Amino acid sequence: MHRYLLKLKYILFSTLVSFAFFPGSAQNVIIRGVVKDVHSDERIPFASLEFVKSHSGKLTDSVGTFAFGLDKWPNDTLMVTYVGYQDYYLPIDSMLISKAVNNVLEVTILLERGKYASEVVVKRTIDRGWLMWRRIVRRKPFNDRYRFNNFSYELYNKLELDIKNINKEKWQEMKLLKNFKFIFDNVDTSEGKPILPIYLTESISDYYFQKDPLKRREVFKASKTIGMNNESVGKLLGGMDQNLNFYSNFLPVFDKNFVSPISDNGDNYYKYRVLDSQFVAGRRLIHMTFTPKRKGQNTFEGDFWIHDSTFAVQKMNLRLSKEANINFIDQLSLIQEYKLINDSTWFLSKDKFVVDISPLGGSKLAFIGRKTTTYRDVITNDTSVVNELAKNRIMEETIMPDHAREKPQEYWDTTRHEDLSKTEAGIYKMIDTLVKLPAFQRAKETVYFLAVGYKNIGNFEIGPWYNWVSYNSLEGLRTRFDLGTNRYFSKQWFLHAYAAYGFTDKRWKYKMDAMYLINKNPRQYITASYKKDIDFGQTYYDEISQDNIFALAIRKSGVPIKFLMINEKRLEYYYQTHSGFSALVTGIHKEFEPLRNLPSLDIYDAPKDGILQTTEVGIRLRYAFLEKYLESTFNRISLGSDYPIPEIKYFKGISGMFGSRYNYHKLSAGVSHYKKVPPFGSIYYNVFAGKTFGKLPYMLLDIAPGNEIYYYNKYAFNLMNRYEFVHDKYAGVNFEHNIGNGIFRFIPLMKKLKFRQFYSARALWGGLSAENRDYNTPPGGVFPFQSLNGNTYLEVGTGVDNILKLFRVDFVWRILPSPLPPEKSKRFGIFGSFRLAF
């Protein structure tokens, strides 16, 4: 018989014997308490407790509590054991006994994880764990909450952020914190290490779901975020985006997908063990554990309790294994509990997410995030849910009324699902005091300036600082200063301007722009701008521009910079619908003046001032279904969509308007998508094509996006230079597959360093009409650019990602066509980049 079962029987027998020798009338002292997971703070049911000398013992109950009634204080040690945790020994000595009140000793026992590998596994002809897993998977369609046609519930979310590994005495002596010493009054040492809670946010909402047709809706009833008044962040912390389902095959953890222990093919990733069974409220629950079959994969370890007749999950504890390929995470716990809402239906009642984030590793400064979610008032398959979802304007809608963020304290005291602890209540008081201190505001602004680049000064902002100084061969030392308004000036008007000066060319460059935000949701605005500056090429939000202090040291050698002065006037109107469809209408007038390393305008019989002008109007149509954003007052960053995003553009050049010399049509279209493909990582692709109709100078044709610095650009062709290829028709594809640890999991050192593998491919097909080739060729000269003429440009790459958890190195090969002088492009290149990713 299994050693664990023998041990349990022995403990139960010893318990009966102990009660026989210590009848109720003779119980003069009591030892009672609770057993918890030190990381998640979750109570551990049915943990084994045994006195080492007397061998008497018992199990904790279904909520992790226990009590011993004794005739006197024992001279003994209490041993606590539970599968997946390290054994815990509590000496019952005079120091501990001195803490008893009225002969009652209250203790809290915190168990650390570990001991899976040392446990004895008894081989059997029939694998009971695997058989039980088969039954659970077979019953998933009958137990998953998404089996219902519709359901709703009230959702309570609580998110706490703590700092751990602090040295209270040392921190209090720091000059930077001399005005904030009161925050250390909240230091909590109940978990053995000093922890400083620093932030807490809560929300209460009603969540609605319908399976067919698929609809989701969340209506916030209350949201409490002291010190952070950002609606988009509040929505992201609700139930729409923080929704885990353990019955799914894969569970999202930050930007990774992990295999669920009850995945349809979970037996390929996990080993299962059946431990024992217990009766709780008259129902038999089966206790099981699971451990990864192979280290380094995106899997968990932990245990769960299963109802023996329905094979539904009653509680599951997931813990991230140390070998998982994820950055900055020291520990992670996911817990879900289910309750019966009628005689046979189990439904999610609580989930908890606890994560230790250690950016610097080891025992250095780290953070703990704790998210607790509870579910009440569950309704299934009811017309009230259908009626509420009928209010949706789109498939998925989140409503955050203004009054939800203005609820008084009395509302929270009576409505939140569980009372705040003394420590949690102290966080709100601390934050409220902190945000009112001028010293805190100054510190916050300093961090924002260094990290983001901008600094608020009254109603205005300056920056970004990384554009203040740069250098190039035409301008020499270039200085630039930006000044803009902020939300304190206006929440609808944004004004901005910059001035730049080159100390070698001795010319001023500048830009002025204004935005009027008509509506924030759905987004609608008008912008106008006037700019006279050198064209530094298109820059994406996560790439390094050439007008940047960091670009000084990473330019490719021997590649001349192409300088083109542009005088541009632009007017735009943007409108987006709730469905994700958007339209951008644009009017542009441009003047072009080639300055260096580009053909002169003389070949076009340009005006005597050497400036070429054009006027165009255009429209861009884009459809991003269920795209999510992180928004500030005026700007927003896309967090992506689960669906492909198509886009189409059309521009019409108008001759004779404001000095324009050209009539033309430009049409382009593309589809892009970032998609997770667990367990095979993620892919990104962009398919695009375009055509220009008309006889035009080179700067109005389609210039293939090249990269002239050694910082990797995921949107460009990295072994192609700017203006190397010019077309009036083109098509292309950009593809990248991030595999995860890939082949590195077979190389011990790289596996330990958590290197990640990827590969990429970029292809371009293009052509140039004879008319445009002749128009851009000097009399008696040769065409100054290249064209693919229907041939293929192809570059492929691979490399190493996650070097020191921050850097990425790309090895790129140019397969087609062979590079030609004078561009001096190479067939092979090494590029670097950096990014923060879990």
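Residues numbered from 1 in each chain as written. Predicted model: local features only at pLDDT ≥ 70, side-chain atom pairs only at ≥ 80, totals over all residues. Heavy atoms only, no water.

Brief notes about the sheet that holds strand β1 (residues 29-37)
With mixed pairing, the 3 strands of this open sheet are ordered in space as β4-β1-β7. If you trace the sheet from one side to the other, it starts and ends with β4 (65-70) and β7 (104-111), each paired once. Between one strand axis and the next, the sheet turns through 20° on average, direction left out of account. Two elements, β1 and β4, share 6 bridges in a ladder whose sense is antiparallel. Each bridged residue has a counterpart across the sheet, and for Val29 the counterpart in β4 is Leu70. (Pairing = 2+ DSSP bridges. Helix = DSSP H or I, 4+ residues; strand = E, 2+ residues; numbered from the N terminus. Axes fitted to C-alpha atoms, helices over the stretch in contact; angles between N-to-C directions.)

Quick notes on the packing of aromatic side chains
If you walk through the whole model with that rule in mind, you get 49 aromatic pairs. When the centroid spacing of 6.0 Å and the interplanar angle of 70° are considered together, the rings of Phe254 and Phe353 count as edge-to-face. Highlighted residues: Phe254 in the loop between β11 (250-253) and β12 (256-259) and Phe353 in strand β18 (residues 346-357), separated in sequence by 99 residues. Of the residues examined, Phe254 reaches a relative accessible area of 33% and is grouped as partly exposed. Ring centres of Tyr525 and Tyr574 lie 5.0 Å apart, and the angle between their planes is 15°; on these two criteria the pair is classed as stacked. You can see Tyr525 sitting in strand β27 (residues 523-534) and its partner Tyr574 sitting in strand β28 (residues 563-576), a full 49 residues away along the chain. Members of the aromatic cluster, each reached through a chain of ring pairs, are Tyr146, Phe148, Phe151, Tyr153, Tyr207, Phe209, Phe347 and Tyr375. Of note, Lys407 hangs over the ring of Tyr411, and the distance from its end group to the ring centre comes to 5.0 Å. (Phe/Tyr/Trp six-rings, centres within 6.5 Å; stacked < 30°, edge-to-face > 60°. Buried < 20%, exposed > 50% of the residue type's maximum accessible area, 1.4 Å probe, protein only. Lys NZ or Arg CZ within 6 Å of the ring centre and 35° of its normal.)

Focus: the confidence of the model for the protein
For the protein, mean pLDDT is 85; residues scoring 70 or higher make up 89% of the total. Averaged pLDDT values for the elements of the protein fall to 39 in helix α1 (residues 3-21) and rise to 97 in strand β33 (residues 645-653). Low pLDDT (under 50) marks residues 1-26, which in the prediction has 36 contacts with non-local residues, meaning those over four places away or in another chain. Counting interchain partners and residues more than four positions distant, the pLDDT-below-50 stretch residues 117-122 has 7 contacts. (pLDDT = per-residue confidence, 0-100. Contact = heavy atoms within 4.5 Å.)

Let's talk about the nonpolar core
Among the nonpolar cores identified, the biggest contains 46 residues, and Phe246, Met288, Phe300, Leu318, Leu320, Leu332 and Leu334 are the most heavily contacted of them. For this core, the element with the highest residue contribution is β18, accounting for 5 residues. Sequence-distant contacts of Leu320, that is, excluding residues within four places in its chain, are made with Arg113, Phe258, Thr299, Phe300, Ile326, Ile329 and Leu332. Formed by 26 residues, the second largest nonpolar core is a distinct cluster that contains Phe46, Val80, Tyr82 and Leu111. (Core = buried A, V, L, I, M, F, W, Y, C linked by side-chain atoms within 4.5 Å.)

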